[in-house]
Amino acid sequence: MLIGDNTDAPWHPLEPVRQELEAILGGDFELECTEDYDRFHSLNHRETPLCISYTDCWKKTLTPEQSEGVIRFVEDGGGLLAIHNGISVAGLPELKELVGGRFITHPPYQTLQYYGTASDHPLLDGVGDFTLEEEPYFFELEHSAACQVIMEYAFEGSRYPAAWAYERGQGRVVYLQPGHHAPSFRPTSYRRLILNSARWAIQR
């Protein structure tokens, strides 16, 4: 399931990204797209093994029922893949812990260089370093989640987290920072990283 916003998307409409994700994942996954946040409450990992969050909900938070549903989904064995603005679901403390962090701010859109930091991690299989025009998101990481940062980007002489992954209960969570708009999904290495992430997130 791919969840995001079209009718009420202040910055990141779902539809252009849906087309890119269909092209990347279509050989392995059948994507069902929705703008209905109540689907978080009813997620069942046996029926829907993977949830991809591309939500653009910066000015609202999930309800307690929606929050409890997505946490239960992961802990019971589901895979959660949050891409770029998909971290906007982390408005509640319990969802910040689930996703592994929360967005703080970002400097202007610009050219960024991305580097793998965990060469032995399956998410980076076949993924080389790459350059991308992107928003340099800054995060407050959730240290109670045992996240492994697997990619960083360079900005003004320092490196910052760009992707992380961890296991939660019986499920798995991945966050990928690139994804501002459709062109973000076109570098070969990033497409491979997305496919690797989706596959890894549903492995048991």
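Residues numbered from 1 in each chain as written. Predicted model: local features only at pLDDT ≥ 70, side-chain atom pairs only at ≥ 80, totals over all residues. Heavy atoms only, no water.

A word on the packing of aromatic side chains
Item 1. Enumeration over the complete set of coordinates arrives at 17 aromatic pairs.
Item 2. Among the aromatic residues, ring-to-ring pairing joins Tyr54, Tyr114, Phe130, Phe138, Tyr153, Phe155, Tyr160, Phe185 and Tyr190 into one connected group.
Item 3. Just above the ring of tyrosine 37 sits the side chain of lysine 60; from NZ or CZ to the centre is 4.4 Å.
Item 4. For arginine 159, the ring lying beneath its charged end belongs to tyrosine 115, and the centroid distance is 3.8 Å. (Phe/Tyr/Trp six-rings, centres within 6.5 Å; stacked < 30°, edge-to-face > 60°. Lys NZ or Arg CZ within 6 Å of the ring centre and 35° of its normal.)

A word on the nonpolar core
Item 1. Within the largest apolar cluster, 38 residues are counted, with the highest numbers of intra-cluster contacts made by Leu21, Leu25, Ile52, Met151, Phe185 and Leu193.
Item 2. Ranked by the residues each element gives to this core, the list is headed by helix α5 (residues 188-201), at seven residues.
Item 3. Core analysis: the next-biggest nonpolar cluster, separate from the first, contains 29 residues, Ile3, Cys51, Leu98 and Tyr137 among them. (Core = buried A, V, L, I, M, F, W, Y, C linked by side-chain atoms within 4.5 Å. Buried < 20%, exposed > 50% of the residue type's maximum accessible area, 1.4 Å probe, protein only. Helix = DSSP H or I, 4+ residues; strand = E, 2+ residues; numbered from the N terminus.)

Some thoughts on the side chain of glutamate 135
Item 1. Within the fold, glutamate 135 resides in the loop between β7 (130-134) and β8 (138-141).
Item 2. Although glutamate 135 lies buried, it forms no salt bridge, and the closest oppositely charged side chain, lysine 59, sits 14 Å away as judged by the N-O distance.
Item 3. At 3.4 Å, the side chain of glutamate 135 and the side chain of histidine 106 are in polar contact. (Lys, Arg positive; Asp, Glu negative; His and termini not counted. Salt bridge = Lys/Arg side-chain N within 4 Å of Asp/Glu carboxyl O. Polar contact = N/O pair within 3.5 Å; in protein donor to acceptor, adjacent residues only side chain to side chain.)

Some remarks on the pairing of strand β6 (residues 110-116)
Item 1. As judged from the five bridges shared by β6 and β7, these two strands associate in the antiparallel manner. Looking at β7, one finds that leucine 112 is bridged to leucine 132.
Item 2. Here four bridges tie β6 to strand β9 (residues 148-155), and the two strands are oriented antiparallel to one another. Bridge pairing in β9 places tyrosine 114 opposite tyrosine 153. (Pairing = 2+ DSSP bridges.)

Quick look at the sheet that holds strand β2 (residues 33-34)
Item 1. The strand order across the open sheet formed by nine strands is β2-β1-β3-β4-β11-β10-β9-β6-β7, and the pairing between neighbours is mixed. In this open sheet, the two edge strands, each paired with only one partner strand, are β2 and β7.
Item 2. Contacting β1 (2-4), β2, β3 (50-54) and β4 (79-83), helix α1 (residues 14-25) runs over the sheet at an angle of about 165 degrees to β1.
Item 3. The strands that α5 touches are β3, β4, β7, β9, β10 (158-168) and β11 (171-176); relative to β11, the one it contacts most, it runs at about 160 degrees. (Contact = heavy atoms within 4.5 Å. Axes fitted to C-alpha atoms, helices over the stretch in contact; angles between N-to-C directions.)

Section: a negative patch on the surface
Item 1. Taken together, the side chains of Asp36, Asp38, Glu65, Glu68, Glu94 and Glu97 define an acidic patch exposed on the protein surface.
Item 2. Among the secondary structure elements, those contributing two or more residues to the negative patch are α3 (64-75) and α4 (93-99).
Item 3. Here aspartate 38 falls in the partly exposed class, since its relative accessible area comes to 47%. (Patch = residues over 30% accessible without salt bridge, like charges linked within 9 Å, V, L, I, M, F, W, Y side chains within 5 Å. Areas by Shrake-Rupley, 256 points an atom, 1.4 Å probe, with all protein chains shown as cover. Charge placed at Lys NZ, Arg CZ, Asp CG, Glu CD.)

Observations regarding the pattern of salt bridges
Item 1. As enumerated under the stated definition, the model contains twelve salt bridges in all.
Item 2. Close ionic contact of glutamate 22 with arginine 18 constitutes a salt bridge, the shortest N to O distance being 3.5 Å. One end of the pair, glutamate 22, and the other, arginine 18, are both in helix α1, four residues apart, so they sit about a helical turn from each other.
Item 3. The salt bridge involving glutamate 142 is made with lysine 96; its shortest N-O contact spans 3.7 Å. One end of the pair, glutamate 142, is in the loop between β8 and β9; the other, lysine 96, is in helix α4, with 46 residues separating them in the sequence. As far as the burial class goes, glutamate 142 and lysine 96 line up, both buried.
Item 4. Within this structure, Lys96, Arg102, Glu140 and Glu142 form a network of salt bridges that share partners.

Focus: α3
Item 1. For α3, spanning twelve residues, the distance from its first C-alpha to its last is 16 Å, which sits close to the expected 16 Å at 1.5 Å a residue.
Item 2. The inward-facing, buried residues of α3 contact α2 (39-42), β3, β4, α4, β10 and β11.
Item 3. Remark: glycine 77 follows α3 within two positions and exhibits a positive phi of approximately 130 degrees. (Expected span 1.5 Å × (residues − 1).)

A few points about the packing of α1 against α5
Item 1. Two numbers describe how α1 lies on α5: the axes approach to 10 Å, and their chain directions differ by 70 degrees. Considering their axes alone, α1 and α5 lie roughly perpendicular with respect to each other. The segment α1 lies against α5, with Glu20, Leu21, Ala23, Ile24 and Leu25 engaging Arg191, Ile194, Leu195 and Ala198.
Item 2. A per-class count over the contact of α1 with α5 returns seven nonpolar, no polar and two charged. (Parallel < 35°, antiparallel > 145°, perpendicular 65-115°, else oblique. Nonpolar A, V, L, I, M, F, W, Y, C, P; charged D, E, K, R; others polar.)

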